[in-house]
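Breakdown of the fold
What follows is the residue order along each chain.
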Amino acid sequence: MSKKKHYDIVILGVGPAGLQAAIHATRKKTSVLLLGRLNKSSLYKAHIENYCCIEGVKTGKELLEAGLKQATSFGAKHIEEDVIRTEKHNKKFLVETESHIEIECYSIIMATGISRKGLGLDREKEFVGRGVSYCVDCDANFYKDKVVAVVGDGSAAASGALTLSKLAKHVTLISKELDISAGLKEDLAAAQVEVLEGRKVKELIGDNELKAIKLDNDQKIDLDGLFIEKGAKGTMELAAFLGVTLDPEHFTYIITNKNQETNVEGIYACGDVCGPPFQMAKAVGEGCIAGMNAASYVNHLKRKSKEG
Ligand SMILES: Cc1cc2nc3c(=O)[nH]c(=O)nc-3n(C[C@H](O)[C@H](O)[C@H](O)COP(=O)(O)OP(=O)(O)OC[C@H]3O[C@@H](n4cnc5c(N)ncnc54)[C@H](O)[C@@H]3O)c2cc1C
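In this text the structure is predicted, and so the values were computed from the model without any measurement.

**Some thoughts on the environment of glutamate 55**
Residue position: glutamate 55 is located in the loop between β4 (47–48) and β5 (58–59). The class for glutamate 55 is exposed, based on 6 C-beta atoms found within 10 Å. It is 41 Å that separates the C-alpha atoms of glutamate 55 and lysine 5, two residues lying 50 residues apart in sequence.

Written as structure tokens, this is what we have:
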């Protein structure tokens, strides 16, 4: 028996970008399938306090669950599976999931986020949101008057350390091979950021929360937070296979115009996969635009094929 399904729009990703795209696309009377896992969204383990109109701190998990409920209440379907193949066939696309369900659609919205580069240490995942963070812009406020360290070699790590130096009691920048401008080095010195060069973190220590780290020279540093700022890497293979243009410098983000259209007709992208800033508000805004425009595109295509 064929497992092939048909939807107007398939959305890859159930983070805030994909969910908002689904909400707007379904309200324009298109059939929408969401693919992906809530617990793989960057938001899942986050605590949000900088999203407009939401007072206090909300967990990412509760926001995502509410978003999925909202999208499905408007008619979107959800299959909790990753996409492993995408193909273009004339004006249609074919999407295949990990259990080999095949879906034909008129439009694809890529909302797959980014996978952040970690340190690959034991217990690193366990401490995410409990002392380990991959986003200074997101979490710096939680570390007012605390002791923190930043790990990384580039300008992202150095500017993260500078941001934290305005809030935290003490900031250490730990780098294997620091590769930043002389100006940034001067800024770090002026901000009294302690720089440990030629060092790697080898162990994370704590019970429920991170309490200390051990370096490769066995130096132990007591701290409240460790920020890993090693840049971001996107999962670009599916997009590249469809002929979607990626950023020419690093091939880590999808290029779109202001309508969230990619260079391939019928394919839209939104959220972290389109590049920084990596923030829920941006993901939701872009998701809204992508969802509305994909739905208009599909409705126009269907009207034309009825006329012809
Ligand atoms: C620890 C932490 C704290 C944060 N704090 C804040 C904050 O305070 N404020 C703020 O605004 N932002 C914060 N962020 C950033 C915010 O979470 C992201 O900007 C936002 O989640 C991006 O949304 P997105 O939908 O683009 O991607 P994501 O939320 O990352 O969702 C990506 C989705 O794509 C799916 N996917 C990936 N590959 C495939 C595939 N092959 N097939 C199908 N699905 C796929 C995943 O399963 C997931 O559902 C934080 C992030 C982290 C990690």
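**Observations concerning the nonpolar core**
Within the largest apolar cluster, 53 residues are counted, with the highest numbers of intra-cluster contacts made by Ile9, Val10, Ile11, Ala22, Ile109, Met110 and Cys270. Looking at this core element by element, the count peaks at 8 residues for helix α7 (residues 280–307). Filtering out sequence-adjacent residues up to four positions away, isoleucine 11 remains in contact with Gly18, Ala21, Ala22, Val32, Leu34, Leu35, Ile109 and Ala111.

**A closer look at the packing of helix α1 (residues 16–26) against α7**
Describing two packed helices takes the angle between their axes plus the distance from one axis to the other. With their axes 7 Å apart at the nearest point, α1 and α7 run at an angle of 35° to one another. Remark: the crossing between α1 and α7 carries right-handed chirality. From α1, Pro16, Ala17, Gly18, Leu19, Gln20, Ala21, Ala22, Ile23, His24 and Ala25 reach across to α7, where they touch Met280, Ala283, Val284, Glu286, Gly287, Cys288, Ala290, Gly291, Met292, Ala294 and Ala295. Each residue belonging to the contact of α1 with α7 can be placed in one class, and the counts come to 15 nonpolar, 5 polar and 1 charged.

**Notes on unusual backbone geometry**
The omega angle of the peptide bond from proline 276 to proline 277 is 0°, so this bond is cis rather than trans. Relative to the helices and strands, proline 277 is located in the loop between β21 (267–269) and α7. For cysteine 53, which is not glycine, the phi torsion reads 75° and is therefore positive. Cysteine 53 gets classed as exposed once you count the C-beta atoms within 10 Å, which come to 4. The backbone of arginine 123 shows a phi angle near 70°, a positive value even though the residue is not glycine. Here arginine 123 lies in the loop between β11 (114–116) and β12 (132–133).

About the thresholds
- The residue count restarts for each chain, going from 1 along the sequence in the order it is written.
- Confidence filtering applies because this is a predicted model: local features only for residues at pLDDT of at least 70, side-chain atom pairs given and counted only at 80 or more, and all residues used for totals across whole chains, interfaces and linings.
- Here a helix means four or more residues in a row that DSSP labels H or I, a strand means two or more in a row labelled E, and each is numbered from the N terminus.
- Burial is judged by counting other C-beta atoms within 10 Å of a residue's own C-beta: 20 or more means buried, 12 or fewer means exposed, and anything between counts as partly exposed, with every C-beta placed from the backbone.
- Under the definition applied here, buried Ala, Val, Leu, Ile, Met, Phe, Trp, Tyr and Cys residues are grouped into a nonpolar core through C-beta atoms within 7 Å.
- Think of it this way: build a C-beta for each residue from its backbone, and any pair within 7 Å is a contact.
- Interaxial angles span 0 to 180 degrees and are taken between N-to-C directions of axes, which are lines fitted to C-alpha atoms, for helices over the stretch in contact.
- Rotating anticlockwise by less than a right angle from the far helix to the near helix defines a left-handed crossing, while the corresponding clockwise rotation defines a right-handed one.
- Polarity classes work like this: nonpolar for Ala, Val, Leu, Ile, Met, Phe, Trp, Tyr, Cys and Pro, charged for Asp, Glu, Lys and Arg, and polar for all others, with Gly in that last group.

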